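Architecture and fold: a report
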Amino acid sequence: MTHPIPRLVVSACLAGDFVRYDGGTVKDPFVEKLLSYCEVIKVCPEVSIGLGVPRSKVLIYWEGSEPKLFQPSSGRDLTEHMLRFSEEFLGNLEEVDGFLLKGKSPSCGVSNNTISYKDPQGKVFSHRTKGMFAKRVLERFQDLPVEDEKRLRDEKVRRHFLLRLFALADLRESLKEINSVSQLMEFHRRNKYILMLHSQTKLKEMGRLVATSNDLRQTLSEYSRLFRLTLKRSPSKGQFINTFTHIYGHLSSKLNQGEKSHFFSLLEDFKRDLVDYRTILELLRSWSYRFEEKYLQTQTIFEPYPKELN
Ligand code: SF4
């Protein structure tokens, strides 16, 4: 299966640049591998606002209800610089498929982290907060996958991030080629089970949208919006089982009793975390080859991203 090349915005220190406050970079084997499958757009917000390498640390503190970006050693308030840079950079970005930012950074941190600061009088301030640049990313790109390298160590988070990243890249690249409703229908068809995995209701809604289209441009724009929205929530175990059962429904009339029993016992094992979802998908995929089910063979769910990233 060939995969599209996602356009991914990455914190420059995660992409091998020596731009951290101490002149270092970040080594993360998984990130390195992932980036080799992507078109990487690097950004270091702190260097971009004119802070050098190495530099004194910056941090976020609250002034009333407003977060401020502050460099204690120089006493500089960098808030306006960072907000202006974020607006300019994000506003001028060409279409991208996701963001991978450095965790626990006052600029790039995607998750809420506790940041403590002692003022010159010795008073300690402590807040849970996201990085200032990352916060703008999350506000502006609500339907794109945005993660940090630490969260990607969680298997479930990583799987969902990768699935969305490559599916959105597929959407972006396919949209350039789609000139008719039948081509859009074809895209919808091969993504059927990925959409079902995330929401059966949305899958039907999108199917109706394509089937009743009388203005291709409008339909493409609405379809893209729904596609991004649908993939946003991580699927539950129940949604996996529902999707597996639907694929099985395509094949069941050709299976013998032993194969049917084996499938249902694997589902039970999956419910109890005794087997991985990939085991069941591979079983279904191999049946699709055995019974020459071309419709199933082209389904993106069987390999939503390069298997080297598993
Ligand atoms: S975390 Fe962000 S601001 Fe800090 S060095 Fe990395 S890219 Fe630059």
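What follows concerns the overall build of the protein. Scanning the protein from terminus to terminus reveals 13 helices and nine strands. Taken over the C-alpha atoms alone, the protein extends approximately 75 × 50 × 35 Å along its principal axes. Taking the intrachain contacts of the protein between residues at least 6 apart in sequence as the baseline, contacts between residues at least 24 apart amount to 70%. If you sum the accessible surface of the protein, you get close to 15400 Å²; carbon and sulfur atoms cover 49% of it. One way to put it: in the protein the 49 positive side-chain charges average out to a point 3 Å from where the 40 negative ones average out.

This brings us to helix α11 (residues 257–271). The α-helix winds at 3.6 residues per turn, so residues separated by three or four positions along the chain end up facing the same way. The end-to-end C-alpha distance of α11 is 21 Å, a good match for the 21 Å that 15 residues give at a rise of 1.5 Å each. Within the sequence span of α11, burial applies to Glu 259, Phe 263, Leu 266, Leu 267 and Phe 270. The buried side chains of α11 occupy one side of the element, clustering within an arc of 105° when seen end-on. On its buried face, α11 is in contact with α10 (237–251) and α12 (277–290). Positive backbone phi, approximately 65°, marks Asp 273, located one or two places after α11.

In the vicinity of the ligand there are 14 residues, among which Cys 13, Cys 44, Glu 46, Arg 55 and Cys 108 approach most closely. Tallied by class, the residues present in the shell around the ligand amount to seven nonpolar, three polar and four charged.

Topologically, Asp 148 is positioned in strand β9 (residues 146–148). Despite its burial, Asp 148 remains without a salt bridge, the nearest opposite charge being carried by Arg 151 at 5.3 Å. There is a polar contact of 3.2 Å between the side chain of Asp 148 and the side chain of Ser 111. Other than its neighbours up to four places away in sequence, Asp 148 contacts Leu 100, Leu 101, Lys 102, Gly 103, Val 110 and Ser 111.

Each value, and the rule that gives it
Residues numbered from 1 in each chain as written. Predicted model: local features only at pLDDT ≥ 70, side-chain atom pairs only at ≥ 80, totals over all residues. Heavy atoms only, no water. Helix = DSSP H or I, 4+ residues; strand = E, 2+ residues; numbered from the N terminus. Contact = heavy atoms within 4.5 Å. Areas by Shrake-Rupley, 256 points an atom, 1.4 Å probe, with all protein chains shown as cover. Lys, Arg positive; Asp, Glu negative; His and termini not counted. Charge placed at Lys NZ, Arg CZ, Asp CG, Glu CD. Expected span 1.5 Å × (residues − 1). Buried < 20%, exposed > 50% of the residue type's maximum accessible area, 1.4 Å probe, protein only. Arc of directions from axis to C-beta. Near = heavy atom within 4 Å. Nonpolar A, V, L, I, M, F, W, Y, C, P; charged D, E, K, R; others polar. Salt bridge = Lys/Arg side-chain N within 4 Å of Asp/Glu carboxyl O. Polar contact = N/O pair within 3.5 Å; in protein donor to acceptor, adjacent residues only side chain to side chain.

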